[in-house]
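# Architecture and fold: a report
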Amino acid sequence: QGQLVESGGGLVQAGGSLRLSCTASRTITSFNHMGWYRQAPGKQRELVANITGGGSTNYADSVKGRFTISRDVAKNTVYLEMDSLKPEDTAVYYCYTRKAWIISWGPGTQVTVSS
């Protein structure tokens, strides 16, 4: 599946915005889907949003209307625009790709939202 390089995490106040980027080492339309999971301390990893090879998007109910996933195929990059951030969005965010049964993960980027 290749390497995934993430960027864009950080510390932001509640109500603020951040944009995460994830760049793959191969054409992203070759994946069944690509997107982001997150894991908060003491909690299970959960899907945040993903985008299929055909461009369809899917969001967790908790982020609908606040987060937007998009992609730049020419740059092999997927973005997660996060607006109206809440303290409960604090987590490590992991980029992933899936092709058939093969799932690859990025190293994760910390997002911290202060109240």
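Structure: above.
In short, a report on the structure. (Residues numbered from 1 in each chain as written. Predicted model: local features only at pLDDT ≥ 70, side-chain atom pairs only at ≥ 80, totals over all residues. Heavy atoms only, no water.)

### Quick look at the state of the cysteines
Across all of its chains, the model carries 1 disulfide by this definition. Note that C22 is cross-linked by a disulfide to C95, the S-S spacing being 1.9 Å. Of note, the bridge from C22 to C95 carries an S-S torsion of about -80 degrees and is left-handed in sense. Remark: C95 occurs in strand β9 (residues 91-99) and C22 occurs in strand β3 (residues 18-24); sequence separation between them is 73 residues. Grouping residues by exposure puts C22 and C95 together as buried. (Disulfide = S-S within 2.5 Å. Helix = DSSP H or I, 4+ residues; strand = E, 2+ residues; numbered from the N terminus. Buried < 20%, exposed > 50% of the residue type's maximum accessible area, 1.4 Å probe, protein only.)

### Thoughts on empty space enclosed by the protein
A complete count under the given rule lists 1 cavity of 30 Å³ or more for this structure. Considered as a void within the structure, the largest cavity measures approximately 30 Å³ in volume. Looking at the largest cavity, the residues that line it are I28, F31, N32, H33, M34, I51, T52, G53, R71 and V78. At the level of secondary structure, the elements contributing two or more residues to the lining of the largest cavity comprise β4 (33-39) and β5 (46-52). A per-class count over the lining of the largest cavity returns 5 nonpolar, 4 polar and 1 charged. (1 Å grid on protein atoms, 1.4 Å probe; cavity = no way out; pocket = protein on both sides within 12 Å on 5 of 7 lines; lining within 4 Å. Points joined across faces, edges and corners; volume = space filled by probe spheres on them. Nonpolar A, V, L, I, M, F, W, Y, C, P; charged D, E, K, R; others polar.)

By themselves, these observations are geometric and do not establish any function.
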